[in-house]
Amino acid sequence: MQSYSLATIVCAVALIFLASYAVQPQRDSTLRVAFITSSKPISQATNANTTRSEAANRSADSAVEAAAEPEVVEIRGANLTEAAARLGAENGPTGGELALNAITTTTPELAAVLPPEFDQFTAQVALTDETLIADLQFSTTIDEVKLIALTPERVFGEGSYTIYATFAYDGMQDGMVWSWVWRRDGQVVSGGNEMWNYGVDGPGYVFYNPREGFRTGEYTLEIWVNGRLMNQANLFITNDIAASR
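Residues numbered from 1 in each chain as written. Predicted model: local features only at pLDDT ≥ 70, side-chain atom pairs only at ≥ 80, totals over all residues. Heavy atoms only, no water.

Re unusual backbone geometry
The backbone of leucine 147 sits at a positive phi, close to 55°, despite the residue not being glycine. Phi is positive for asparagine 226, close to 50°, though the residue is something other than glycine. Within the element layout of this structure, asparagine 226 appears in the loop between strand E11 (217–225) and strand E12 (228–238). For asparagine 226, a relative accessible area of 25% puts it in the partly exposed group. (Helix = DSSP H or I, 4+ residues; strand = E, 2+ residues; numbered from the N terminus. Buried < 20%, exposed > 50% of the residue type's maximum accessible area, 1.4 Å probe, protein only.)

See below:
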């Protein structure tokens, strides 16, 4: 009798447990993903602007690097800045500035050749790194005491008159050989050649007065020392009188 009662109790407990499990809500195991519809991809315009900005930054960085490494231009072994500073110390700040401008605006390293007729002497003194011809200017009048141009110009009218070419020199030595060559549109029209006998430094000049007068075209003056082109500058002759003033 007791064994039947115990079995009945066990069955009743099992039924109660199964019933309570059956009435519990089922868990939803489905995987859900939320989509954020308010987000936008990077537009092509934005991407292009970013690319241009990065490219501009790289260009700016390259420009800064280039500016940080200035080009040092040398002419015949003499540094232009040092040479202008040397002339400036002797002739004042304006003289140094003019000297630097005169040198840097000419191109003495062109493939010019000294004509044989203006290369008739043998130098007795060698050229040095200190030798300098600078501040080459043209005018129709000069100060005969200071040997400087009174009204320097680059454009002149046609006609018969004299054009003076003044310059400053430094580091020269008596016994060197110097030459000056005038060209019109690239063709030699005049010049000279002699032993240098004018001291170490100072002002100097040459002049040109063609018999037929100055005709329209580009005239170039070259200054040579010991067979080396030291400086050159050009002027223009025009038939427009207004343009020459």
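Observations regarding the sheet that holds strand E8 (residues 177–184)
Spatially, 5 strands are ordered E6-E12-E11-E8-E9 in an open sheet, and the strand pairing comes out mixed. With partners counted over all chains shown, the strands left at the sheet margins are strand E6 (155–157) and strand E9 (187–195), one partner each. Averaged over all neighbouring strand pairs, the angle between strand axes comes to 20°, with direction disregarded. Note that E11 and E12 share 9 bridges and pair antiparallel. (Pairing = 2+ DSSP bridges. Axes fitted to C-alpha atoms, helices over the stretch in contact; angles between N-to-C directions.)

A few points about the sheet that holds strand E10 (residues 202–208)
Spatially, 3 strands are ordered E3-E7-E10 in an open sheet, and the strand pairing comes out antiparallel. Where the open sheet ends on each side, the last strands, each with one partner, are strand E3 (132–139) and E10. Put simply, the sheet's adjacent strands are angled 25° from each other on average, direction ignored.

Here's the deal with the pattern of salt bridges
Tallied over the entire structure, the rule returns 1 salt bridge. Across the pair glutamate 222 and arginine 183 runs a salt bridge, and its minimum N-O distance is 2.6 Å. One end of the pair, glutamate 222, is in strand E11; the other, arginine 183, is in strand E8, with 39 residues separating them in the sequence. Under the relative-accessibility criterion, glutamate 222 is labelled buried at 3%. (Salt bridge = Lys/Arg side-chain N within 4 Å of Asp/Glu carboxyl O.)

What to know about the packing of aromatic side chains
If you walk through the whole model with that rule in mind, you get 14 aromatic pairs. Judged by centre distance (6.4 Å) and plane angle (85°), the rings of tryptophan 178 and tyrosine 198 are edge-to-face. With tryptophan 178 in strand E8 and tyrosine 198 in the loop between E9 and E10, this pair connects stretches of sequence that are 20 residues apart. Ring geometry for tyrosine 208 against phenylalanine 214: centres 5.5 Å apart, planes inclined by 90°, an arrangement best described as edge-to-face. Residues tyrosine 208 and phenylalanine 214 agree in their burial class; the two are buried. An aromatic cluster of at least three residues, connected via ring pairs, comprises Phe138, Tyr161, Trp182, Tyr208, Phe214 and Tyr219. (Phe/Tyr/Trp six-rings, centres within 6.5 Å; stacked < 30°, edge-to-face > 60°.)

With respect to the pairing of E11
Among the 9 residues that make up E11, 8 are buried, leaving the element largely enclosed by the rest of the structure. Bridge count between E8 and E11: 7 bridges; the pairing is antiparallel. Each bridged residue has a counterpart across the sheet, and for arginine 183 the counterpart in E11 is threonine 220. Counting the residues in the hairpin turn of E11 and E12 gives 2 residues, including asparagine 226, whose phi is positive at 50°.

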